[in-house]
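Observations on chain architecture
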Amino acid sequence: MGKTFNHLELAHLLWKEHLRPGMRVVDATAGNGHDTLFLANQVLTPHSGWVYSFDIQEDAILSTKIRLENELPKPVQDRITLSLASHDHFPPELHSIDLFVYNLGYLPGGDKMITTLAETSLASCKDALSRLSPQGMLSVMVYPAHSQGVAESKLLIEYFASLPTTKYLVMHHAPLNRPLSPSLITVRPKPPIVSND
Ligand SMILES: C[S@@+](CC[C@H](N)C(=O)[O-])C[C@H]1O[C@@H](n2cnc3c(N)ncnc32)[C@H](O)[C@@H]1O
């Protein structure tokens, strides 16, 4: 059997294919900083690109900061903004973003009661769509195996499924024979149809 990819490996493959040095990206759930570091390695040079990374937990921001300091040269680190803030309050400078990533749920190794919430995640994803560049992408990993995750996955999947087909290409990569598995949703704006009339 050939190699199979879990939701996270698949997400990283798609991100890597999509990203170029100099792009502007957002990690909406920094956690332990693995995804922020992955994104930084794709888009940052000492003179271009920007990574914005958010988490509501001090432990997560600290863990991410230490990872970045250990792994990246200083001029590249300086192109990353780490914010101890909820992703439903993005600042105005977040516009023309090439990729938003959400790895929802709780901090691995942290308090499992502190988790992303359905309504906040939905509000944030809606806001993120309005801040995407025309060629941008939104990537959301959902985890329906824990109690908050069930409601959150359901709400987000319903919302993304309702987006107009003329405006967005929405994909859901999920193992059909394991319903509670984590899965990956991607959303890309479609170019407007130009009429020659
Ligand atoms: C599964 S972890 C993220 C893993 C991370 N991307 C990594 O590479 O290690 C989910 C994170 O979302 C954070 N979180 C929960 N609610 C949030 C919110 N409203 N805004 C931003 N982050 C939030 C949690 O604190 C937790 O650290």
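This report concerns the structure included in the present document. (Residues numbered from 1 in each chain as written. Predicted model: local features only at pLDDT ≥ 70, side-chain atom pairs only at ≥ 80, totals over all residues. Heavy atoms only, no water.)

Regarding the site of the ligand
- Surveying the vicinity of the ligand reveals 23 residues, the closest of which are Thr 29, Asp 35, Asp 55, Gln 57 and Ser 86.
- Between Thr 29 and the ligand, the recorded distance is 2.8 Å, taken from a backbone N or O atom to a nitrogen atom.
- Interatomic distance of 2.9 Å between a side-chain N/O atom of Ser 86 and a nitrogen atom of the ligand.
- Summarising the interface, the protein chains cover 96% of the accessible area of the ligand, which totals 610 Å² for the free molecule.
- Counted by class, the shell around the ligand contains eight nonpolar, 13 polar and two charged residues. (Near = heavy atom within 4 Å. Polar contact = N/O pair within 3.5 Å; in protein donor to acceptor, adjacent residues only side chain to side chain. Areas by Shrake-Rupley, 256 points an atom, 1.4 Å probe, with all protein chains shown as cover. Nonpolar A, V, L, I, M, F, W, Y, C, P; charged D, E, K, R; others polar.)

Comments concerning unusual backbone geometry
- In this model, Ser 96 sits at a positive phi of 50 degrees, which is unusual for a non-glycine residue.
- Looking at where Ser 96 falls in the secondary structure, it is placed in the loop between strand S3 (80-84) and strand S4 (97-103).
- Of the residues examined, Ser 96 reaches a relative accessible area of 40% and is grouped as partly exposed. (Helix = DSSP H or I, 4+ residues; strand = E, 2+ residues; numbered from the N terminus. Buried < 20%, exposed > 50% of the residue type's maximum accessible area, 1.4 Å probe, protein only.)

With respect to the packing of aromatic side chains
- Following the criterion strictly, the structure yields five aromatic pairs and no others.
- Measuring from centroid to centroid gives 6.0 Å for Trp 15 and Phe 38, while their planes differ by 65 degrees, and the two rings are edge-to-face. You can see Trp 15 sitting in helix H1 (residues 7-18) and its partner Phe 38 sitting in helix H2 (residues 34-43), a full 23 residues away along the chain. For the pair shown, Trp 15 and Phe 38 are each scored as buried.
- Three or more aromatic residues link up through ring pairs in this structure, and these residues are Phe 54, Phe 90 and Phe 100. (Phe/Tyr/Trp six-rings, centres within 6.5 Å; stacked < 30°, edge-to-face > 60°.)

Topic: H2
- With eight of its 10 residues buried, H2 lies for the most part within the structure.
- Residues Asp 35, Thr 36, Leu 37, Phe 38, Leu 39, Ala 40, Gln 42 and Val 43 constitute the buried set of H2.
- The inward-facing, buried residues of H2 abut H1, strand S1 (24-27), strand S2 (50-55), helix H3 (58-71), S3 and S4. (Contact = heavy atoms within 4.5 Å.)

Considering the nonpolar core
- In terms of nonpolar packing, the biggest core is built from 25 residues, with Phe 90, Phe 100, Tyr 102, Leu 138, Val 140 and Phe 160 touching the most fellow members.
- Membership of the second largest hydrophobic core comes to 21 residues, among which are Leu 19, Leu 37, Val 76 and Val 101. (Core = buried A, V, L, I, M, F, W, Y, C linked by side-chain atoms within 4.5 Å.)

Regarding a nonpolar patch on the surface
- A surface patch of nonpolar side chains, amounting to about 330 Å² of accessible area, comprises Ile 56, Met 113 and Ile 114.
- As for its position among the elements, Met 113 is in the loop between S4 and helix H5 (118-130).
- Take Met 113: its relative accessible area is 73%, and that puts it in the exposed class. (Patch = residues over 30% accessible without salt bridge, like charges linked within 9 Å, V, L, I, M, F, W, Y side chains within 5 Å. Salt bridge = Lys/Arg side-chain N within 4 Å of Asp/Glu carboxyl O.)

Describing the sheet that holds strand S5 (residues 132-142)
- Pairing within the open sheet is mixed, and its seven strands lie in the order S3-S2-S1-S4-S5-S7-S6. Unpaired on one side and paired on the other, S3 and strand S6 (168-173) mark the two borders of the sheet. Geometrically, the sheet is characterised by an average inter-axis angle of 10 degrees between neighbouring strands, direction not taken into account.
- Docked against the sheet, helix H6 (residues 147-161) engages S5, S6 and strand S7 (183-189), running at close to 150 degrees with respect to S5. (Pairing = 2+ DSSP bridges. Axes fitted to C-alpha atoms, helices over the stretch in contact; angles between N-to-C directions.)

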